[in-house]
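Close look at the chain arrangement
One-letter residues, chain by chain:
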Amino acid sequence: MLGLMQEQPLLISSLIEFAERHNGEVEIVSRRVEGDIHRYTYRDAAVRARQVANALDALGLAFSDRVATLAWNGYRHFELYYGVSGSGRVLHTINPRLHPDQIAWIANHAEDQVLCFDLSFLPLVQAVHSRCPTIKHYIALCAPDKLPADSGVPNLTSYESWIAAQSTQYQWPTFDENSASSMCYTSGTTGNPKAALYSHRSSTLHAYAAALPDVMCLSARDSVLPVVPMFHVNAWGIPYSAALTGCKLVFPGPAMDGKSIYELMETERVTYAAGVPTVWQMLLGHLKPNNLKFSTLKRTVIGGSACPPAMIAAFQNDYGVEVLHAWGMTEMSPLGTLCTLKNRQLALNADEQMKIRLKQGRAIYGVDMKIVDDAGRELPWDGKAYGDLLVKGPWIVREYFKGEGGNPLIKDEHGVQWFPTGDVGTIDADGFLQITDRSKDVIKSGGEWISSIEIENIAMAHPAVAMAACVGMAHPKWDERPIVAVVKRVGMDVSVAELLKFYEGKTAKWQIPDDVVFVDAIPLGATGKMLKTRLREQLKDYKLPTT
Ligand code: ADP
């Protein structure tokens, strides 16, 4: 017997319709590429998203055709999120930090038909357009008077004139909720990038889950600043969850420096922010010397790479801001786990709580996870056994776009399919995941694994250390030994011996790195994560000290 409830596909258009109808007056504030602050409401955004949908119809785009963006976090990008997906086309957000060759490659692979870009990325578009034959229309996200003359970019229109010509009326179409809504390519550090192709169903379910109290805890009382970019994994789903909850949205545009972010947080009374550790490093670096405090910020979700304990402590102890450590990946839309304490853990002392907060957290309903050994056998949840982390759930990829890379899933002994994350971690008895490494970054010393994240976290706790990256170096006896590459804080000094001494008592003796190498910078990838492959190349002539 089937249930007798209404059938309504979960479609992205329903989010903006809901926001317009129930929270239409709530503000969306953006720092623009033009430099000024733009302000309007969900109601205005919904109207303009409908104009985008009409404009795409006018271009003759078919259902599922791809519309690409090269854009910062801002209101026009937000309108494209809804106008493109809501009308049945697929939004392809491109990471502008990728190499131009890679951008051309993925635009061709995705067969993008339209490219909408912020003017900051005009040079990039000029560099790649001749190599992107599928793109028929270029839309610059600006008013007509800002459109550059003689740009050399064919069929270039300003976004404002493009949508101004369109009606504000549009009936969002109804279709299968499993239809593709947006896509995002993984950074492709190994081989060509592969695309996760999200569906309306997966994005809507993810939006629901992300808003839950033990996840991002978004509400109509929040003012939310996503520093995490809309060009990568849909800004952790915040543009969708925001419309679902009716929170105020504050978009930072191109200005990611500590001063600009802080000013926006204060003027827009931001209560909640989301970003990767490198961004928060810049923010904290601005606050301290200027003796500033937050007047409204309460919570910040930090993920994308391991959040150093010193950062959690600084936010919490110096500024009274709760850090929610999160883990996920492009293939997971991206949220997998979030670290919020359980009731009985609230009674623990500060040190014990901190040990938990450092973990990547508990699975969100909709994500199942397990750790397995090399033979695929499930390992216990004891916080000690570590193994390959496998996940499954309705917002996790089944396969990549165009079947790239073959079937990524693996079957367990019950025939259940799991996605291998490429991460290695432990899970404790309370279900808290702790990532110890990417599997390709794992350091094996004398048959035992050393967590590079743990080694980095200890170095980062030293006041003179701005950034640390731990890699394994080949060793004749132990296979590999860890060394740590360190960027010193400006104006501060520390010696190799001092830093190695700093490790004593903080980790097992055999896990203490063999050496410290001071570097000017740690190479970062397109999503702001440390590129250890590049670091290893830079250190290829390095020799371990012989003692
Ligand atoms: P995203 O773009 O969401 O960061 P990517 O697919 O680029 O996703 O990278 C995902 C990988 O980043 C994960 O598999 C994991 O190795 C790493 N990662 C993400 N969050 C964390 C975290 N909180 N701690 C440690 N590693 C993390």
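Residues numbered from 1 in each chain as written. Predicted model: local features only at pLDDT ≥ 70, side-chain atom pairs only at ≥ 80, totals over all residues. Heavy atoms only, no water.

Looking only at helices and strands, the protein chain has 16 helices and 26 strands in total. Taken against the 2.2 N^0.38 rule, which gives 24 Å for 547 residues, the C-alpha radius of gyration of the protein chain at 24 Å falls within 12% of a compact globule. For the protein chain, the spread of C-alpha atoms along the three principal axes comes to 75 × 65 × 50 Å. Looking at the protein chain residue by residue over its 547 residues, the buried ones come to 59%. Within the protein chain, contacts between residues separated by at least 24 positions form 66% of all contacts whose residues are at least 6 apart in sequence. (Helix = DSSP H or I, 4+ residues; strand = E, 2+ residues; numbered from the N terminus. Rg over C-alpha atoms; globule rule 2.2 N^0.38 Å. Buried < 20%, exposed > 50% of the residue type's maximum accessible area, 1.4 Å probe, protein only. Contact = heavy atoms within 4.5 Å.)

What follows deals with the site of the ligand. Around the ligand there are 17 residues in total, and His-232, Ala-326, Asp-423, Arg-438 and Lys-529 lie nearest to it. Ala-306 places a polar main-chain atom, nitrogen or oxygen, 3.2 Å from a nitrogen atom of the ligand. Asp-423 has a polar side-chain atom sitting 2.6 Å from an oxygen atom of the ligand. In the complex, the protein chains occlude 92% of the 550 Å² of accessible area that the ligand would expose alone. At four residues, the largest contribution of residues to the shell around the ligand is made by strand S14 (residues 322-328). A per-class count over the shell around the ligand returns six nonpolar, seven polar and four charged. (Near = heavy atom within 4 Å. Polar contact = N/O pair within 3.5 Å; in protein donor to acceptor, adjacent residues only side chain to side chain. Areas by Shrake-Rupley, 256 points an atom, 1.4 Å probe, with all protein chains shown as cover. Nonpolar A, V, L, I, M, F, W, Y, C, P; charged D, E, K, R; others polar.)

Further remarks concern the side chain of Ser-182. Position of Ser-182 among the secondary structure elements: in strand S8 (residues 180-185). At 3.4 Å, the side chain of Ser-182 forms a polar contact with the side chain of Asn-234. Other than its neighbours up to four places away in sequence, Ser-182 contacts Val-90, Leu-91, Ala-196, Leu-197, Tyr-198, Asn-234 and Tyr-240.

Mapping Ile-364 onto the fold places it in the loop between strand S16 (361-363) and strand S17 (368-372). Taking the C-alpha atoms as reference points, Ile-364 and Asp-214, separated by 150 residues in sequence, lie 8.1 Å from one another. The contact partners of Ile-364, leaving out residues within four places of it in the chain, are Ala-209, Val-215, Leu-335, Gly-336, Thr-337 and Trp-395.

Let us look at the packing of helix H1 (residues 12-23) against helix H9 (residues 238-245). Between H1 and H9, the shortest axis-to-axis distance is 7 Å and the interhelical angle comes to 40°. It follows that H1 is oblique to H9 by the angle criterion. Once H1 is placed against H9, the crossing between them reads as left-handed. Only Tyr-240, Ala-243, Leu-244 and Thr-245 of H9 make contact with H1, whose side of the interface consists of Ile-12, Leu-15, Phe-18, Ala-19 and Asn-23. Class assignment for the residues of the contact of H1 with H9 results in seven nonpolar, two polar and no charged. (Axes fitted to C-alpha atoms, helices over the stretch in contact; angles between N-to-C directions. Parallel < 35°, antiparallel > 145°, perpendicular 65-115°, else oblique. Left-handed = near helix turned anticlockwise from the far one by under 90°.)

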